[in-house]
Amino acid sequence: MKKYFSLVLFAHSIFAMPFAMIGFFLGVTTTQNPFHWYLLVLVILCMVFARNAAMAFNRYLDRNIDAKNPRTQMRDIPAGRVSANEALFFVIVNCVLFIAATFFINKLCFYLSPVALLVVLFYSYTKRFTALCHLVLGLGLSLAPIGAYIAVTGQFNIVPLFYSFAVLFWVSGFDIIYALQDEDFDREQKLHSIPAAMGIKNALRLSVVLHVLSAACVIMPLFYAELSWVYDIGIVFFCAMLIYQHLLVKPTDISKVDRAFATTNGFASVIFALCFLLDAFLRTR
């Protein structure tokens with residue numbers, strides 16, 4: 001189990017999971033649908049299974065590319081800690097478990113489950129033909145809040161869509177920053193990415209634009225839902241973390257990319273979600 005957790009970088013679930021909790025409790029607190037522990041557990045399981053499948057498939061598909069890249073040569077498959085067949089089997093198991101979990105949630109989630117899997121698995125192919133691969137990754141993670149909301153309510157709504165778009169732009173922006181490390185390698189291997197296509201300086205500018213859009217999306221729910229000052233604190237912190245990571249990474253110095261990618265964004269999602277949940281708790285008392 002430990003080697004599979006390493007394969008899928010389980011700790012990175014911290015990016016999308018908090019937004020799934022936002023979608024879930026948005027459905028509970030703004031509609032007549034009651035809270036059920038079993039439903040919360042199913043939503044968490046769906047998040048884990050979908051992300052496990054997506055990450056393991058990415059490692060499986062990119063195993064030969066990773067073996068050539070000095071930065072990724074020590075990943076589990078190139079290093080021999082996990083075989084390609086083991087990784088593929090892990091993908092299939094998690095896909096089956098994801099669909100099975102959605103079956104016990106509601107019909108809409110079950111019917112949409114193959115679409116969700118298609119999106120999160122398709123991302124792994126995109127770097128082979130389009131620099132927009134970062135947006136596809138963002139799209140995959142953006143399914144978390146709207147998916148969790150549908151799990152509770154069985155229907156769509158505009159407010160969880162704002163959080164989905166916030167995740168889309170936020171993840172796309174920080175994935176561009178992360179991809180700065182492989183700018184030269186991507187060009188050599190004819191792989192597609194924003195940094196390889198636009199250069200570091202322009203890639204960072206685009207990342208800033210995407211993060212401005214993400215900030216706007218977390219502000220928009222203020223006009224559609226009754227949110228208190230606690231949520232305002234969450235907005236300020238989230239936006240501050242977006243700004244901070246752009247202060248860490250500069251066109252002339254990308255040595256702090258890992259810090260900007262993992263630590264900063266991890267804190268951003270967790271603290272923002274906690275502020276939302278605290279706000280929801282205070283409003284329902």
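Note: the structure precedes this text.
Residue positions within a chain follow its written sequence, with the count starting from 1. For a predicted model such as this one, the threshold for reporting local features is a pLDDT of at least 70, and the threshold for listing and counting side-chain atom pairs is 80 or more; totals across whole chains, interfaces and linings nevertheless cover every residue. Excluded from the side-chain calculations are hydrogens and water; all other atoms, namely the structure's heavy atoms, are used.

> Explain the overall build of the protein to me, and be specific about the residues and the numbers.
Labels follow the DSSP assignment, with helices taken as runs of H or I lasting at least four residues and strands as runs of E lasting at least two, numbered in each case from the N terminus. Within the protein one finds 13 helices and zero strands. Counting from the amino terminus, helix and strand elements in the protein follow one another as α-α-α-α-α-α-α-α-α-α-α-α-α. Relative to its length of 285 residues, the protein is compact, with a C-alpha radius of gyration of 19 Å against a globular reference of 19 Å. For the C-alpha atoms alone, the extent of the protein along its principal axes is close to 55 × 40 × 30 Å. Burial status follows relative accessibility: with a 1.4 Å probe on protein chains alone, a residue under 20% of its type maximum counts as buried, one over 50% as exposed, and anything between as partly exposed. Put simply, the protein has 285 residues, and 54% of those count as buried. Residue contacts follow a heavy-atom distance rule, with two residues in contact if any of their heavy atoms lie within 4.5 Å. Of all intrachain contacts in the protein linking residues separated by at least 6 positions in sequence, the fraction that spans at least 24 positions is 72%. Lys and Arg are tallied as positive, Asp and Glu as negative. Neither His nor the chain termini are counted. To locate a charge, the coordinates of NZ of Lys, CZ of Arg, CG of Asp or CD of Glu are taken. Taken as two groups, the 21 positive and 15 negative side-chain charges of the protein have centres that lie 3 Å from each other. For this measure, only C-alpha atoms enter the radius of gyration; the expected value for a globule follows 2.2 Å times N^0.38, where N is the number of residues.

> Describe the pattern of salt bridges, listing the residues and the values that go with them.
Only one rule defines a salt bridge in this text: a Lys or Arg side-chain nitrogen within 4 Å of an Asp or Glu carboxyl oxygen. For the coordinates displayed, the defined rule picks out seven salt bridges. D62 serves as the salt-bridge partner of K127, at 2.7 Å between the closest nitrogen and oxygen. Residue K127 is found in the loop between α7 (107-126) and α8 (133-153), and its partner D62 is found in the loop between α3 (37-61) and α4 (63-68); the two are separated by 65 residues along the sequence. Taking the relative accessible area as the measure of exposure, K127 reaches 18% and is therefore buried.

> So what's going on with the side chain of S142? Which residues, and what values?
Along the chain, the position of S142 falls in helix α8. S142 sits in the buried class, given a relative accessible area of 6%. Residues contacting S142, with those up to four places away along its chain left out, are S164, V167 and L168.

Any functional reading would require information beyond the geometric quantities listed.
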